[in-house]
Amino acid sequence: MLINDIKQLDDAFPDGVYAVPRSSKEPKVKVRALYDYCKQKGVTPQELSEKEMERFLER
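Only a predicted model underlies this, so the values are computations on that prediction, with no experimental measurement involved.

K.L.:
Honestly, the overall build of the chain in this entry has me stumped. Any pointers?
P.N.:
Check the secondary structure of the chain and you find three helices and two strands. Counted from the first residue to the last, the chain has its helices and strands arranged as α-β-α-α-β. A compact globule built from 59 residues should have a C-alpha radius of gyration of about 10 Å, whereas the chain, at 17 Å, is more than 25% larger. Expressed along its principal axes, the backbone C-alpha trace of the chain runs to roughly 45 × 30 × 15 Å. Relative to its full complement of 59 residues, the chain shows a buried share of 8%. Entry remark: accessible area of the chain is about 5700 Å², with carbon and sulfur atoms responsible for 55%. Charge-centre separation for the chain: the mean point of 11 positive side chains lies 8 Å from the mean point of 11 negative side chains.

Right, here's the structure in full:
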């Protein structure tokens, strides 16, 4: 049954994209830049200070 559920979900999103729209009041996160920065520093996003995280937000 689980396989059928997965197939049904896959069929509902033929391009493979499933996203929840964000509120216009929420900032955008520059995900790729955040990922690259964390990889370079050897940290996770949770380990960043608020000041460091601000550079990846677009308001």
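K.L.:
What exactly am I supposed to notice about helix 2 (residues 31–41) here?
P.N.:
One full turn of an α-helix is made of 3.6 residues, so residues set three or four places apart face in the same direction. Those residues of helix 2 that fall on the buried side of the exposure criterion are Leu34, Tyr37 and Cys38. Down the axis of helix 2, the sector holding all buried residues measures 95°, keeping them to one side. Facing away from the buried side of helix 2 by over 90 degrees, the exposed positions are Arg32, Tyr35, Lys39 and Gln40. Looking at the buried positions of helix 2, the neighbouring elements they touch are strand 1 (28–29) and helix 3 (50–54). Positive phi appears at Gly42, one or two residues downstream of helix 2, with a value of about 75°.

Criteria and cut-off values
- Residues numbered from 1 in each chain as written.
- Predicted model: local features only at pLDDT ≥ 70, side-chain atom pairs only at ≥ 80, totals over all residues.
- Heavy atoms only, no water.
- Helix = DSSP H or I, 4+ residues; strand = E, 2+ residues; numbered from the N terminus.
- Rg over C-alpha atoms; globule rule 2.2 N^0.38 Å.
- Buried < 20%, exposed > 50% of the residue type's maximum accessible area, 1.4 Å probe, protein only.
- Areas by Shrake-Rupley, 256 points an atom, 1.4 Å probe, with all protein chains shown as cover.
- Lys, Arg positive; Asp, Glu negative; His and termini not counted.
- Charge placed at Lys NZ, Arg CZ, Asp CG, Glu CD.
- Arc of directions from axis to C-beta.
- Contact = heavy atoms within 4.5 Å.

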